[in-house]
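The chain contents come next:
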Number of protein chains: 2
Amino acid sequence: MSDTPSAPARIRNIAELARLAGVSTGTVSRALADKSLVNKDTRERIQALARAHGFRPNQMARRLRIQETKVIGVVVPLGHEQRQHLSDPFFMAILGHLADALTENGYDIMLSRVIPDADDWLERIVDSGMLDGVLLIGQSNQFETIERVAQWYRPMVVWGSHRPGQIHCTVGVDNRKGGHLAGECLIRAGRTRLAFMGEAVAPELKDRYDGLCDAAAAAGLPPPLKLDTHLASDVMAEDIAAHIHRIGTDVDGIAAASDLIAMHAVRALADRGIRVPEDISVTGFDDLPLAEQTIPRLTTISQSIAVGARAMVSALFERIAGNDAASVEMAPQLIRRDTA
Amino acid sequence: MSDTPSAPARIRNIAELARLAGVSTGTVSRALADKSLVNKDTRERIQALARAHGFRPNQMARRLRIQETKVIGVVVPLGHEQRQHLSDPFFMAILGHLADALTENGYDIMLSRVIPDADDWLERIVDSGMLDGVLLIGQSNQFETIERVAQWYRPMVVWGSHRPGQIHCTVGVDNRKGGHLAGECLIRAGRTRLAFMGEAVAPELKDRYDGLCDAAAAAGLPPPLKLDTHLASDVMAEDIAAHIHRIGTDVDGIAAASDLIAMHAVRALADRGIRVPEDISVTGFDDLPLAEQTIPRLTTISQSIAVGARAMVSALFERIAGNDAASVEMAPQLIRRDTA
DNA sequence: AAGACGTTTGCAATCGATTGTTGCATGTGT
DNA sequence: ACACATGCAACAATCGATTGCAAACGTCTT
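Just so you know, these numbers come straight off a predicted model, no measurement behind them.

Counting its secondary structure elements, chain A contains 12 helices and 12 strands. For 340 residues, the compact-globule estimate of 2.2 N^0.38 gives 20 Å, and the C-alpha radius of gyration of chain A, at 26 Å, exceeds that figure by more than 25%. C-alpha extents for chain A along the principal axes are approximately 90 × 45 × 35 Å. For chain A, the residues scored as buried account for 55% of the 340 residues in total. Taking as baseline every contact in chain A between residues at least 6 positions apart, the subset at least 24 positions apart corresponds to 70%. Carbon together with sulfur atoms contributes 49% to the accessible area of chain A, which is approximately 14300 Å² in total. Charged side chains of chain A number 37 positive and 43 negative; the gap between the two group centres comes to 7 Å.

As structure tokens, this is what we get:
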């Protein structure tokens, strides 16, 4: 009687379990992996023993040996906007879908909110030896860094814009087309004094602005006004309120760079007694689930986030398997609701 | 000339770097850790070499040896609501703040969305050997499981309700009080036919309902109607629309279990031409940043998510350090805006 | 009875780092 | 010139698993 059977001593590693079972560690390892190499009886005996003691092999050690971590890094680079927050609804919506797709495939998720202060931030993540692959949500202003790393690090997929000739694999919508659609929608609504609300540092948003310009040009209108806005939700509200205050009725159509911005804009307009869409038309971008639940419901450009997330994950798996996966550019779609 | 200097061979471990530098692996390890035990010159020489080759030590191996992972698991148990999604704005808001607090302290985040099918889901996470601690967002219907694990696993903090005598450490608001506040607000607005919209399986939400009952009882009103609603955002909208359709004007005050539910309710009421707050009053719960940006702006019960997240993290660090940290119950606050 | 073969199990190397101990040169004091 | 302290780096054990290879055993064939 070596132990109180009612309160079994905690077992810390397979060696202890092996001693308890009177076999070698190798056998325990194989037994717990349910390999047919070990006798069915011993195998089940060891598994029962492990269960009885609540023993589970150390994953860190296993993964070190296996050289495969089953962990994917999901990284949000906040280059141009240090105060932007992970709680941004777009990040979160896409993160939710990524989480679904990854967990379904047996992968865990390591989340990093990175403020790229050191210029090797991405190398540090990619090189940590803890990740089988990396998903970047947004290119921010880190295009060069991403390209540099993509030259030698394959299992990485980025949500964002695809520039001709770029190395890194992106999934995203045709942002320029999206901006164009928004512009057309506003113009069809009879708007002529357009503005873009957002900021054009990240390639994605720049493309949206350019698309809006295309639409304006095609209709013979001057280039839309650019209303720069911080993306951090706390300052965003102030920025937008200030813009609305300043522009008054110089503008009659606002293409917002995101649904969140659009919602804030509608709110700020309401505060000043300006009606949407009667006085001013507003379009969003993203088609977050929320866009349909606001009052008035948001007219917006759909990014089909769920599809995009799946595309990112499957491209990543391709690349992990060693195959090349091309960038995916999805077609944006105008979702006409109440604001434009 | 053994190597092309322009394209240095990739170095995979400290042993290779050691050979390159003509020292032992121990010295390299200490040099990279910047320990004074190795001569300043050699130290800098090795560091320069590492930098030149873009070498970074394997974290998996390091952490295995150190027995400290600097990773915290953030887990959302979806016990009662399999289809609830990570993109739930409340999860995401709190996750954002947790991410801030944890990354500031040098910890990474491992995200798990768990559908507790196997009853040892929490043991599996806690025991993986990959985590220094665990934060649970919500108790779901897993109270017993959490208690069981908390008996032997210390570094765990849970967002949720505190029941007298419970072992696991929670941070949260006094949900019953919150429900009470919501009830009082509705009653002060002259509402007498109250309803609770949500579902009372998770302890947090049950408490909110009980608090609402308290307020009703104190005002001599019958117990509020219970309108069960799925928490998965896709079905939630339908559920709510159905409820609104069914109750018509039998109800004149709705206390929603969350801001998201409240927003959907306001939307569904608007669809049926019922005005908020003229015809029906609605209160939310959480005070998400969005609640202030809706039209009409949401009257809600504040959870001060940011403060709560900080409290969770600091309690967790206490427990990692081996100290006991007591549960925290914050006072909810009524935020009066436009819907009640 | 010897050899061939199949089934189980043990041994020991390995993944890539960290760190206590030991040993070898120096330098210092007398 | 000898004893002793000091600084620096090498050696080897360790973290906790996995896995190729070899050995032990029993069974079957000839």
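Moving on to the pairing of strand E5 (residues 169-173) of chain B. All names here are of chain B. A large share of E5 lies buried, amounting to five of its five residues. Relative to E5, strand E4 (residues 156-159) runs parallel, the two being bridged by three bridges. Bridging from a neighbouring strand, tryptophan 159 pairs with valine 171 of E5. By the bridge criterion, three bridges tie E5 to strand E11 (residues 328-330) in an arrangement that is parallel. Residue pairing in the sheet places valine 171 in a bridge with valine 328 of E11.

Let us now look at the domain arrangement of chain A. You can read the domains of chain A as domain 1 (14-57), domain 2 (71-173 + 305-330) and domain 3 (175-302). For domain 1 of chain A and domain 3 of chain A, the distance between their C-alpha centroids amounts to 62 Å.

The full set close to DNA strand D counts 26 residues, and A:Asn13, A:Ile14, A:Ser29, A:Asn58 and A:Arg65 are the nearest of them. For DNA strand D, the backbone makes up 68% of the atoms found within 4 Å of the protein, where backbone means sugar plus phosphate. A:Arg30 has a polar side-chain atom sitting 3.0 Å from a base oxygen of DNA strand D. At the level of secondary structure, the elements contributing two or more residues to the surface near DNA strand D comprise helix H2 (25-32) and helix H4 (59-66) of chain A together with helix H2 (25-32) and helix H4 (59-66) of chain B. Here the element with the most residues in the surface near DNA strand D is H4(A); it accounts for five residues. Here the residues of the surface near DNA strand D sort into nine nonpolar, 10 polar and seven charged.

We now examine the environment of B:Gly308. All names here are of chain B. Here glycine 308 shows up in helix H12 (residues 305-320). With a relative accessible area of 0%, glycine 308 lands in the buried category. Linking glycine 308 and valine 71, residues 237 residues apart in sequence, is a C-alpha distance of 20 Å. If near-sequence neighbours (up to four positions away) are discounted, glycine 308 is found in contact with Trp159, Val171 and Met330.

Before going further, it helps to spend a moment on helix H7 (residues 143-150) of chain B. Residue and element names in this part refer to chain B. In terms of burial, H7 is a largely internal element, six of the eight residues being buried. Buried residues of H7: Phe143, Thr145, Ile146, Glu147, Val149 and Ala150, and no others. Each element contacted by the buried residues of H7 is listed here: helix H6 (121-126), strand E3 (133-137) and E4.

Let us now look at the relation of the copies chain B and chain A. Turning chain B through 180° and shifting it by 0.1 Å along the axis lays it on chain A, with an RMSD of 0.1 Å. One copy is carried onto the other by what is essentially a two-fold rotation axis. Among all C-alpha atoms of chain B, that of B:Met110 lies closest to the rotation axis, at 2.2 Å.

This part is about the interface of chain B and chain A. Opposite the 51 residues of chain B that make contact, chain A presents 51 residues. Buried area between chain B and chain A, both sides added, is near 4500 Å², and the carbon and sulfur share of it is 63%. Broken down residue by residue, the surface that chain B buries against chain A is led by B:Arg56, B:Met60 and B:Arg267, which jointly contribute 17%. Seen at the junction of chain B and chain A, the total is six salt bridges. A salt bridge links A:Arg56 to B:Asp120; the shortest N-O distance between them is 3.1 Å. Here chain B and chain A share eight residue pairs in polar contact (both at pLDDT 80 or more) between them. For the side of chain B that touches chain A, the secondary-structure elements that each account for two or more residues are H4, helix H5 (89-104), strand E2 (108-114), H6 and helix H11 (259-271) of chain B.

Thresholds, definitions, all that
Residues numbered from 1 in each chain as written. Chains lettered and ligands numbered in written order. Predicted model: local features only at pLDDT ≥ 70, side-chain atom pairs only at ≥ 80, totals over all residues. Heavy atoms only, no water. Helix = DSSP H or I, 4+ residues; strand = E, 2+ residues; numbered from the N terminus. Rg over C-alpha atoms; globule rule 2.2 N^0.38 Å. Buried < 20%, exposed > 50% of the residue type's maximum accessible area, 1.4 Å probe, protein only. Contact = heavy atoms within 4.5 Å. Areas by Shrake-Rupley, 256 points an atom, 1.4 Å probe, with all protein chains shown as cover. Lys, Arg positive; Asp, Glu negative; His and termini not counted. Charge placed at Lys NZ, Arg CZ, Asp CG, Glu CD. Pairing = 2+ DSSP bridges. Domains from an automatic or database assignment. Near = heavy atom within 4 Å. Polar contact = N/O pair within 3.5 Å; in protein donor to acceptor, adjacent residues only side chain to side chain. Nonpolar A, V, L, I, M, F, W, Y, C, P; charged D, E, K, R; others polar. Least-squares fit on C-alpha atoms with pLDDT ≥ 70 in both. Buried area = accessible area lost by both parts, 1.4 Å probe. Salt bridge = Lys/Arg side-chain N within 4 Å of Asp/Glu carboxyl O.

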